[in-house]
Amino acid sequence: MKKLNTLCIIIGIISFVVAGYILTEKILAKEVKVEINEEKELKEVNNYLAKVGSPLGWLIIKKGIDTQDENGKYKPKYNENYLEKYENRQLFVMEYILSYPDNQDKFITLSAGDHTKIEESPTSDFTLAYLDYKTFNNYYKELIGEDFKLDKAKKGGTEYDKENVYYDNRKPGSNGVYVSMITSDKVEYKDKSLVAEIKVTYSTRAAENLGVETNKGIIKYTKNSDNNIILKSFILEK
């Protein structure tokens, strides 16, 4: 009888410990609700989108160029993270850098034919363009929150790929096709990220080509120690 009582006590203790462990795991796994000042956050995210909206929106246009139909019409891709591919992050940062006209002089531009250096804009027709790694990486860390890995970069097929970052120039032939702005009217904290509902507004020519004047979507982002926005994803939603 004593042995039976002892066995029951041991089983009871084990059951208690297991139940406690499971309960603790559930408590720890449950996300702590984070309260944000939505008015303040909206102001910050819209100020940010005023700077990056057009460069970010260029990823939509680039995707349209790559997947246009037989009539030359672009088709937006929905429910796809435009920042998932490394080359898209590379292009987004490049477009952001080029949104500051003074940065154009920092680029190395080459003839697309013989790869000799020429004095042209990085966005000119029949050119290849590169930016030194250090300058590019500074902007990349500011926007994406990590160092850019040159071995993952899209290449231009020249000797400059070794120490510089290639700019995938898709501007020729796309005059007037662009995202004019991206704005947000709602921000919430969800799944350990800040999530902003956004409205993407296209230029007149882009709207005619895409068949829509605007699209809805979301961006997910975090903040670094300096309270700067670090982008995690950019998705269009139907």
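Calculation criteria
Residues numbered from 1 in each chain as written. Predicted model: local features only at pLDDT ≥ 70, side-chain atom pairs only at ≥ 80, totals over all residues. Heavy atoms only, no water. Helix = DSSP H or I, 4+ residues; strand = E, 2+ residues; numbered from the N terminus. Expected span 1.5 Å × (residues − 1). Buried < 20%, exposed > 50% of the residue type's maximum accessible area, 1.4 Å probe, protein only. Contact = heavy atoms within 4.5 Å. Pairing = 2+ DSSP bridges. Axes fitted to C-alpha atoms, helices over the stretch in contact; angles between N-to-C directions. Parallel < 35°, antiparallel > 145°, perpendicular 65-115°, else oblique.

Asks: Can you explain helix α3 (residues 86–98)? Please cite residues and give values.
Replies: Here α3 spans 19 Å end to end across 13 residues, near enough to the 18 Å set by a 1.5 Å rise per residue. With 12 of 13 residues buried, α3 lies mostly within the body of the structure. Taken residue by residue, α3 has Tyr 86, Asn 88, Arg 89, Gln 90, Leu 91, Phe 92, Val 93, Met 94, Glu 95, Tyr 96, Ile 97 and Leu 98 as its buried positions. Against the buried residues of α3 lie α2 (38–66), β2 (127–132), α4 (133–144), β3 (164–167) and β7 (229–237).

Asks: Can you explain the pairing of strand β6 (residues 214–223)? Please cite residues and give values.
Replies: Both strand β5 (residues 193–202) and β6 contribute to a ladder of eight bridges, which runs antiparallel. Its bridge partner lying in β6, Glu 197 is registered against Ile 218. Pairing of β6 with β7, which is carried by eight bridges, proceeds in the antiparallel orientation. The residue bridging Gly 217 from the neighbouring strand is Leu 236, located in β7. Between the end of β6 and the start of β7, which pair antiparallel, lie five residues, with Asn 227 showing a positive phi angle near 70°.

Asks: If you had to explain the packing of α3 against α4 to someone new, which residues and values would you point to?
Replies: The N-to-C vectors of α3 and α4 enclose an angle of 105°; their axes lie 10 Å apart at closest approach. Looking at the two axes, α3 sits roughly perpendicular to α4. Contacts from Tyr 86, Arg 89, Gln 90, Phe 92, Val 93, Met 94, Tyr 96 and Ile 97 of α3 reach α4 at Phe 136, Tyr 139, Tyr 140, Glu 142, Leu 143 and Ile 144.

Asks: Go over the sheet that holds β3 with me, naming the residues and quoting the values.
Replies: Spatially, the three strands line up as an open sheet ordered β1-β2-β3, and their pairing is antiparallel. In this open sheet, the two strands that pair with only one neighbour each are β1 (108–111) and β3. In this sheet, adjacent strand axes meet at a mean angle of 30° when their direction is disregarded. For β1 and β2, the ladder comprises four bridges, and the chain directions are antiparallel. Bridged to Ile 108 within β2 is Tyr 130. Most of the contacts of α3 go to β3, to which it runs at about 85°, and overall it touches β2 and β3.

Asks: Got a sec to walk through the environment of Glu 84? Specific residues and values, please.
Replies: Inspection of the secondary structure assignment puts Glu 84 in the loop between α2 and α3. Sequence separation between Glu 84 and Ser 233 is 149 residues; the distance between their C-alpha atoms is 7.1 Å.

Asks: Account for the sheet that holds β6, naming residues and giving values.
Replies: The strands that make up a sheet pair up through hydrogen bonds in the backbone, lying either parallel or antiparallel. One open sheet accounts for four strands, arranged β4-β5-β6-β7; its pairing is antiparallel. Looking at which strands have only one partner, the edges of the open sheet turn out to be β4 (179–190) and β7. Neighbouring strand axes in the sheet, compared pairwise and without regard to direction, differ in orientation by 25° on average. Where α2 meets the sheet, its contacts fall on β4, β5, β6 and β7, and the angle it forms with β4 comes to roughly 135°.

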